[in-house]
Each structure stands twice: as structure tokens, then as C-alpha cells.
Amino acid sequence: MNDELFTKGWVPKLLLIVIFLLMSCRLSLQAKSISDFQQLEANIVNKSLAQLSAGDMDPITKLRALCLSRGATGINGLGRIFRNMDDDGSKALNEYEFTKGIKECGLAVSNEEIKEMFRSFDEDGSGSINMTEFLLKLRPPMSQARLAMIDKAFSKMDKTGDGVITLEDLKNVYTAREHPKFKSGEKTEDEILTDFLHNFEGGRGNLDGKVTKEEFINYYATISASIDNDEYFEFMMKKAYALE
């Protein structure tokens, strides 16, 4: 009987069926995890909006809540605003640049509260705030376990190892040929993958199709803020990126 199966080619066919089913399950899990992330993002947006409505927060907490109320790219969007305010290109903000940035982002605070925030971020009293350190302090805190999982996902995506995820990196990890918009001819594979990259970037029309590690971490810091349990966060990341 076994010889007959091999002769008629049924075993290879069965193996192909099993492989197809496994791949389908994996794609289904990835799609489900994306849906889960979207729900978590919606949760943190609603929670942050409620906090802003309630008031009674110190200025820095209020600024963080404003970022989170704008979704997973809120912190990256703020970062882009402040980088545009860096008039002298020093990658640091003086008090004048910081004040312009706060007013540009629409935070309802007084001039005195802006000064208070600046003094809090300017820990060494140098009169300027390092941009990276500023965003690091602003984003919600994460455990080392969560940071390690985010780092693992970023490393998988960054095939060239240059610290930036680009369209070429994605082509080595994912295919968009099964995407409905590719099948319908509405978008090319490159356009779909580029849209995926834009998910991690702040808005304001500054989408460059390159996701830095800072942007990647800031994105998942927002998602992380809606997850209480480290094990669940790890489970979600493993599903989304098919990590071991």
C-alpha cells in the first residue's frame, strides 16, 4: 500500500497540502495579531483621550497622553515636529525651539508650564535638550523583556543590518502578492510594502519610507502601554513577526 502511494505521487501531494495549511495558519495568525494590535492601539487612544478630558496632570504626563491619544505613531509624529523646529541642526533643542514645538503640537499648556517641562528635560542645566533623550523619557516605560522582544523583531526585519528598515529589507521578509489590493490591481507590491513601513512613522507628510530603530521602538512603546502582562506582549510580538 505504501509503495502504491509513493508510485502514484500521493505522499508528495499530501506534504504540499500540509505545508499549505501550515502557511495558511501562520498568515491567519499574523492577520489576527495585526487586528489585535489595532484594538490595543484603540484602547490606549481612548484611555489617553479620557485622561486629557479629565485634566489634573503635570505637563509632561499631559504631553505623553497627547501623543498616545494620536495612536501608535503619536510619539514619532511629535519627534518629527521637534526635529523640524531644530533650526540650527544641532539635534538638540534650546528653550525657544522647544516652546515652538510644544505650541505646534497643540498641547494646551501655559508658558510657565512649558518652562517647567523644559527644565525637567534639561537635567544638566545646559540650556538644551538632546532630541533622542527627550523622546526616550517621553515614551511609556517598558521592561527589558519587552525591549528585547522589540529588538528581536527589528533585527528580523532589518535584513541588511544597517539600523534602518527599508522597502528592500521587507522584500526579503514578506510578499504582498496575496494582498487584496495587489490582486485587484489597485496597488503594486512596492506600494503595499511602503504603506506597511508608513505605519511606523509619524504623520505630517514626512514619510520617508525608512523606519529607524527609534521609530520602531516608539511605535511599540505605545502598544505596550495597553498591555499589562509581559508574557502577553511577547506572545503578540511572536505572532506578528513569526519569532521563535
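Residues numbered from 1 in each chain as written. Predicted model: local features only at pLDDT ≥ 70, side-chain atom pairs only at ≥ 80, totals over all residues. Heavy atoms only, no water.

Taking an unreviewed UniProt entry as the reference, the protein is identified by name as Calcyphosin-like protein isoform X1 belonging to Musca domestica.

(A) Representation of the overall build of the protein. The helix and strand tally for the protein stands at 13 helices and four strands. If you take every contact in the protein between residues at least 6 apart in sequence, the share linking residues at least 24 apart comes to 62%. (Helix = DSSP H or I, 4+ residues; strand = E, 2+ residues; numbered from the N terminus. Contact = heavy atoms within 4.5 Å.)

(B) Region of interest: helix α5 (residues 95-105). Turning to α5, its buried residues number three or more, namely E97, F98, G101, I102 and C105. Viewed end-on, α5 has its buried residues packed into an arc of 135°, placing them on one side of the element. Within α5, the exposed residues directed more than 90 degrees away from the buried face are Y96 and K103. The distance from a side-chain oxygen at the start of α5 to the backbone nitrogen of Y96 is 3.1 Å, and the residue carrying that oxygen is N94. Remark: G106 follows α5 within two positions and exhibits a positive phi of approximately 90°. (Buried < 20%, exposed > 50% of the residue type's maximum accessible area, 1.4 Å probe, protein only. Arc of directions from axis to C-beta. Polar contact = N/O pair within 3.5 Å; in protein donor to acceptor, adjacent residues only side chain to side chain.)

(C) Main features of the packing of aromatic side chains. Enumeration according to the criterion identifies 16 aromatic pairs in this entry. When the ring of F200 is compared with that of Y219, the centres are 4.7 Å apart and the planes differ by 55°; the resulting orientation is tilted. Of this pair, F200 sits in the loop between α11 (189-198) and β4 (211-212) while Y219 sits in helix α12 (residues 213-224), and the two are 19 residues apart along the sequence. A network of ring pairs unites the aromatic residues F154, F196, F200, F216, Y219, Y220 and Y241 as a single cluster. (Phe/Tyr/Trp six-rings, centres within 6.5 Å; stacked < 30°, edge-to-face > 60°.)

(D) Region of the structure containing helix α7 (residues 131-138). Among the residues of α7, M131, F134, L135 and L138 are the ones counted as buried. Angularly, the buried residues of α7 cover 90° about the axis, an arc narrow enough to put them on a single face.

(E) Here's a closer look at the packing of α12 against helix α13 (residues 230-241). Two elements in contact, α12 and α13, have axes whose closest approach is 12 Å; the angle formed by their N-to-C orientations is 130°. If you check the angle between α12 and α13, you find them oblique. In the packing of α12 onto α13, the handedness of the crossing is right-handed. Contacts between α12 and α13 involve F216, Y220 and S224 on the former and, on the latter, F233, M237 and Y241. (Axes fitted to C-alpha atoms, helices over the stretch in contact; angles between N-to-C directions. Parallel < 35°, antiparallel > 145°, perpendicular 65-115°, else oblique. Left-handed = near helix turned anticlockwise from the far one by under 90°.)

(F) Up close: the UniProt feature "domain: EF-hand" (unreviewed entry) in the protein. With numbering matched to this structure, UniProt assigns "domain: EF-hand" (unreviewed entry) to residues 73-108, 109-144 and 145-180. Across residues 109-144, helical content stands at 56% and strand content at 8%; the span's end C-alpha atoms are separated by 33 Å. Annotation note: span residues 145-180, helix share 53%, strand share 6%, distance between end C-alpha atoms 35 Å. (UniProt positions renumbered as here; feature names shortened; annotations may be inferred.)

(G) Here's a closer look at the pattern of salt bridges. Counting across every chain of the model gives nine salt bridges. Residue D151 is joined to K213 by a salt bridge in which the shortest nitrogen-to-oxygen separation is 2.2 Å. Of the two residues, D151 sits in helix α8 (residues 144-157) while K213 sits in helix α12, which places them 62 residues apart along the sequence. One salt-bridge network, in which partners are shared between bridges, spans E168, K171 and D190. (Salt bridge = Lys/Arg side-chain N within 4 Å of Asp/Glu carboxyl O.)

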